[in-house]
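Geometric and topological summary
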Amino acid sequence: MAGTVVNLKARTDQSEGLGARREIDLASLDFTNCPVRDVLQQIGGKWSTLILEALAKQPYRFGELRRMIPDISQRMLTQSLRDLQRDGYIEREVFPTKPPSVEYRMTELGRSLYTALSQLLNWAEANHDAVRAARLRFDAEQ
């Protein structure tokens, strides 16, 4: 149905007002250049959230991050760190030691993302049991 207008109830921060309503014409949206998809694709990855969670506390070296997230491979950690660095959420600092040591830390952009992301992480923790129970109920009905 082209031109269908959908009422979406947007929950935003205090500056925009909780429960603010936005009218969105889904037919007119350019989904190939969607900012929400573009941003969430990276931070929604399996490892990105865990890495950001760790770096929100303090900077860490590669090996420290690898030990904190034991089931991530070295290759996947390297790629995830590069992706987060590319998007501007973290920065990499190389120290002139032998061998060189590298430390990763969150940027201001990363901190602003983490402020919003931490609400989702808290919600996930608080509602994990309810989501799992809903999945079990759904699967049992199938």
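Let me begin by describing the structure that accompanies this report.

Each value, and the rule that gives it
- Residues numbered from 1 in each chain as written.
- Predicted model: local features only at pLDDT ≥ 70, side-chain atom pairs only at ≥ 80, totals over all residues.
- Heavy atoms only, no water.
- Helix = DSSP H or I, 4+ residues; strand = E, 2+ residues; numbered from the N terminus.
- Buried < 20%, exposed > 50% of the residue type's maximum accessible area, 1.4 Å probe, protein only.
- Contact = heavy atoms within 4.5 Å.
- Areas by Shrake-Rupley, 256 points an atom, 1.4 Å probe, with all protein chains shown as cover.
- Pairing = 2+ DSSP bridges.
- Axes fitted to C-alpha atoms, helices over the stretch in contact; angles between N-to-C directions.
- Parallel < 35°, antiparallel > 145°, perpendicular 65-115°, else oblique.
- Nonpolar A, V, L, I, M, F, W, Y, C, P; charged D, E, K, R; others polar.
- Core = buried A, V, L, I, M, F, W, Y, C linked by side-chain atoms within 4.5 Å.
- Salt bridge = Lys/Arg side-chain N within 4 Å of Asp/Glu carboxyl O.
- Patch = residues over 30% accessible without salt bridge, like charges linked within 9 Å, V, L, I, M, F, W, Y side chains within 5 Å.
- Left-handed = near helix turned anticlockwise from the far one by under 90°.

In this section: the overall build of the protein chain. Along its length, the protein chain carries five helices and five strands. Moving toward the C terminus, one meets the helices and strands of the protein chain in the order β-β-α-α-β-α-α-β-β-α. Counting all 142 residues of the protein chain, 24% fall into the buried class. The contacts of the protein chain with a sequence gap of at least 6 include a subset with a gap of at least 24, amounting to 37%. About 10,800 Å² of surface is accessible on the protein chain, with carbon and sulfur atoms providing 52% of the total.

This part is about the sheet that holds strand β5 (residues 101–106). What the three strands build is an open sheet, ordered β3-β5-β4; its pairing is antiparallel. Each of the sheet's edge strands pairs with one partner strand only, and the pair in question is β3 (60–61) and β4 (90–95). As defined by bridge partners, β4 adjoins β5 across six bridges and the pair is classed as antiparallel. The partner of glutamate 91 across the bridge, within β5, is arginine 105.

On to the packing of helix α2 (residues 48–57) against helix α4 (residues 74–86), then. Contact pair α2 / α4: the axes reach a minimum separation of 10 Å and the direction vectors enclose 70°. Taken together, the axes of α2 and α4 lie roughly perpendicular to each other. Of α4, the residues touching α2 (which contributes Ser48, Ile51 and Leu52) are Leu77, Ser80, Leu81 and Leu84. When grouped by side-chain class, the residues that make up the contact of α2 with α4 number five nonpolar, two polar and no charged.

This part takes up the nonpolar core. Formed by 23 residues in total, the largest nonpolar core has its most connected members in Ile51, Leu52, Leu55, Leu65 and Ile90. Broken down by element, the residue count for this core peaks at five residues, all from α2. Apart from the residues within four sequence positions on either side, isoleucine 51 is in contact with Ile69, Leu77, Ser80, Leu81 and Leu84.

Cis rather than trans, the peptide bond between lysine 98 and proline 99 has omega equal to -10°. Turning to its location among the elements, proline 99 is positioned in the loop between β4 and β5.

Turning to the pattern of salt bridges, a few remarks are in order. Within the structure shown, the criterion is met by three salt bridges. With a closest N to O distance of 2.6 Å, arginine 105 and glutamate 93 form a salt bridge. Here arginine 105, found in strand β5, pairs with glutamate 93, found in strand β4; they are 12 residues apart in sequence, far enough to count as distant.

Before going further, it helps to examine the side chain of threonine 49. For threonine 49, the location among the structural elements is in helix α2. In this structure threonine 49 comes out as buried when scored by relative accessible area, which is 18%. In contact with threonine 49, not counting residues within four places along its chain, are Ile43, Leu117 and Leu121.

In this section: a nonpolar patch on the surface. Together, Leu26, Leu29 and Phe31 make up a nonpolar patch on the protein surface, roughly 250 Å² of accessible area in all. Tracing the backbone through its elements, the reader meets phenylalanine 31 in the loop between β2 (21–25) and α1 (35–43). Given the relative accessible area of 39%, phenylalanine 31 is considered partly exposed.

As a packed pair, α2 and helix α5 (residues 108–141) sit with axes 11 Å apart at the nearest point and diverge in direction by 115°. Between α2 and α5, the interaxial angle falls into the category roughly perpendicular. Judged by the twist between their axes, the crossing of α2 over α5 is left-handed. Counted together, Thr49, Leu52, Glu53, Leu55 and Ala56 of α2 and Arg111, Leu113, Tyr114, Leu117 and Leu121 of α5 form the full contact between these two elements. Grouping the constituent residues of the contact of α2 with α5 by class yields seven nonpolar, one polar and two charged.

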